[in-house]
Amino acid sequence: MNLILLGPPGAGKGTQAKKLTDERGLVQLSTGDMLRAEVASGSALGVEAKKIMDAGQLVSDAIVIGMIDGRTDKPDTAKGVIFDGFPRTVAQAEALDAMLAKKGKKIDAVIELKVDDAALIERISGRFTCAKCGTGYHDKFARPKKDGICDKCGSTEFTRRADDNAETVKARLVAYRQQTAPILPYYQAKGLLHSVDGMAAMPEVAGQIDRALDGVKG
Ligand code: AMP
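Residues numbered from 1 in each chain as written. Predicted model: local features only at pLDDT ≥ 70, side-chain atom pairs only at ≥ 80, totals over all residues. Heavy atoms only, no water.

A. The packing of aromatic side chains, seen in detail. Under the criterion given, the structure shown has five aromatic pairs. Ring plane angle 50° and centroid distance 6.2 Å describe the contact between Phe83 and Phe86, whose orientation is recorded as tilted. We note that Phe83, like Phe86, is buried. Aromatic pair Tyr137 and Phe158: ring centres 5.8 Å apart, planes at 80°, arrangement edge-to-face. With Tyr137 in strand β6 (residues 136–138) and Phe158 in strand β7 (residues 158–159), this residue pair connects regions lying 21 residues apart in the sequence. Judged by its relative accessible area of 6%, Tyr137 falls in the buried class. For Phe158, a relative accessible area of 24% translates into the label partly exposed. Grouping aromatic residues by their ring pairs yields a cluster made of Phe128, Tyr137 and Phe158. (Phe/Tyr/Trp six-rings, centres within 6.5 Å; stacked < 30°, edge-to-face > 60°. Buried < 20%, exposed > 50% of the residue type's maximum accessible area, 1.4 Å probe, protein only. Helix = DSSP H or I, 4+ residues; strand = E, 2+ residues; numbered from the N terminus.)

In structure tokens form, the structure reads like this:
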């Protein structure tokens, strides 16, 4: 089964994608994670991408389409993929359909997580991650049990994304509304779109996604 998780930054796409990965054996493909890996490696692509990401804008369609094309050729994607943060423009959505068709694959469902802008800014500006195991936390909603120590692996090092500040988040929301939201009617017309209430508690959102996927073959 190949799924797309769509929604503004902070809607919970990454959290739900990890859950689906564990439960359904799908592989999470996050173009944001791939781009952050390029930035961390100091590659020419990473240096260029960092400027755009720090401004809250979208990197070029050609770059992310190329990354996804290469990644979906790998054998671990055979059982299915969760696209997280991709596609983000109608051109990317069209390229994804064409690319999958060439590989004899298709998108089986698109899940939209709907969340209010005010909640998004609060969610994003407080989030941080264990630098060692990647567990996600939040200053207000999900602090570690012992301050400064990761619940899962005991590490004392945490990171915050450079683009998770209030100013960049506002630009990312504008990019979502202007460039990404037009994808919704594209998938609606194909009968693939399922919208869930991303304002609900995490387990409730997961339940809504499960119910939406129950009727999906793939
Ligand atoms: P994310 O981790 O999905 O929030 O992505 C972080 C940043 O990476 C975005 O604000 C964009 O600058 C860039 N990015 C990630 N995915 C894409 C994409 N599919 N198209 C264009 N830019 C992207």
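B. Spatial organisation of helix α3 (residues 44–54). Among the residues of α3, Gly46, Ala49 and Met53 are the ones counted as buried. When α3 is viewed along its axis, its buried side chains cluster within an angular range of 70° and face the same direction. Along α3, exposed side chains directed more than 90 degrees from the buried face belong to Ala44 and Lys51. Buried positions along α3 lie against α2 (31–41) and α7 (166–180). Count one or two residues on from α3 and you reach Gly56, which has phi positive near 75°. (Arc of directions from axis to C-beta. Contact = heavy atoms within 4.5 Å.)

C. Spotlight on the site of the ligand. Around the ligand, the structure places 16 residues, and the nearest of them are Thr31, Arg36, Gln57, Arg88 and Gln92. Arg161 is positioned such that a nitrogen or oxygen atom in its side chain is 3.1 Å from an oxygen atom of the ligand. Starting from 480 Å² of accessible surface for the ligand in isolation, the protein chains cover 97%. The element best represented in the shell around the ligand is α2, accounting for four residues. Split by residue class, the shell around the ligand holds six nonpolar, five polar and five charged. (Near = heavy atom within 4 Å. Polar contact = N/O pair within 3.5 Å; in protein donor to acceptor, adjacent residues only side chain to side chain. Areas by Shrake-Rupley, 256 points an atom, 1.4 Å probe, with all protein chains shown as cover. Nonpolar A, V, L, I, M, F, W, Y, C, P; charged D, E, K, R; others polar.)

D. Molecular detail of the pairing of strand β5 (residues 127–130). Bridging between β5 and β6 involves three bridges; their strand directions are antiparallel. Bridging across to β6, Arg127 finds its partner in His138. Connecting β5 to the antiparallel partner β6 that follows it, the hairpin turn spans five residues, and Gly134 within it adopts a positive phi of roughly 85°. Of the pairings in the sheet, the one linking β5 to β7 comprises two bridges and is antiparallel in character. Pairing of Cys130 across the sheet is with Phe158, part of β7. (Pairing = 2+ DSSP bridges.)

E. Representation of the packing of α2 against α3 within the structure. Packing of α2 against α3 brings their axes to within 7 Å, and their N-to-C directions diverge by 120°. The angle between α2 and α3 falls in the class oblique. In terms of crossing hand, the pair formed by α2 and α3 is left-handed. Each of Gly32, Leu35, Arg36, Glu38 and Val39 in α2 lies in contact with α3, whose residues at this interface are Leu45, Gly46, Ala49, Lys50 and Met53. Across the contact of α2 with α3, the residue classes break down as five nonpolar, two polar and three charged. (Axes fitted to C-alpha atoms, helices over the stretch in contact; angles between N-to-C directions. Parallel < 35°, antiparallel > 145°, perpendicular 65-115°, else oblique. Left-handed = near helix turned anticlockwise from the far one by under 90°.)

F. Seen up close, the nonpolar core. By size, the foremost hydrophobic cluster in this structure holds 29 residues, and its most contacted members are Ile4, Ile68, Phe83, Leu96, Ile107, Val110 and Tyr187. Among the secondary structure elements, those contributing two or more residues to this core are β1 (3–6), β2 (27–30), α2, α3, α4 (61–71), β3 (81–84), α5 (90–102) and α8 (183–189). Excluding its chain neighbours within four sequence positions, the residues that come into contact with Leu96 are Ile4, Ile68, Phe83, Phe86, Pro87, Ile107 and Tyr187. In terms of nonpolar packing, the next biggest core, distinct from the first, is built from 24 residues, Met1, Leu26, Ile209 and Val216 among them. (Core = buried A, V, L, I, M, F, W, Y, C linked by side-chain atoms within 4.5 Å.)

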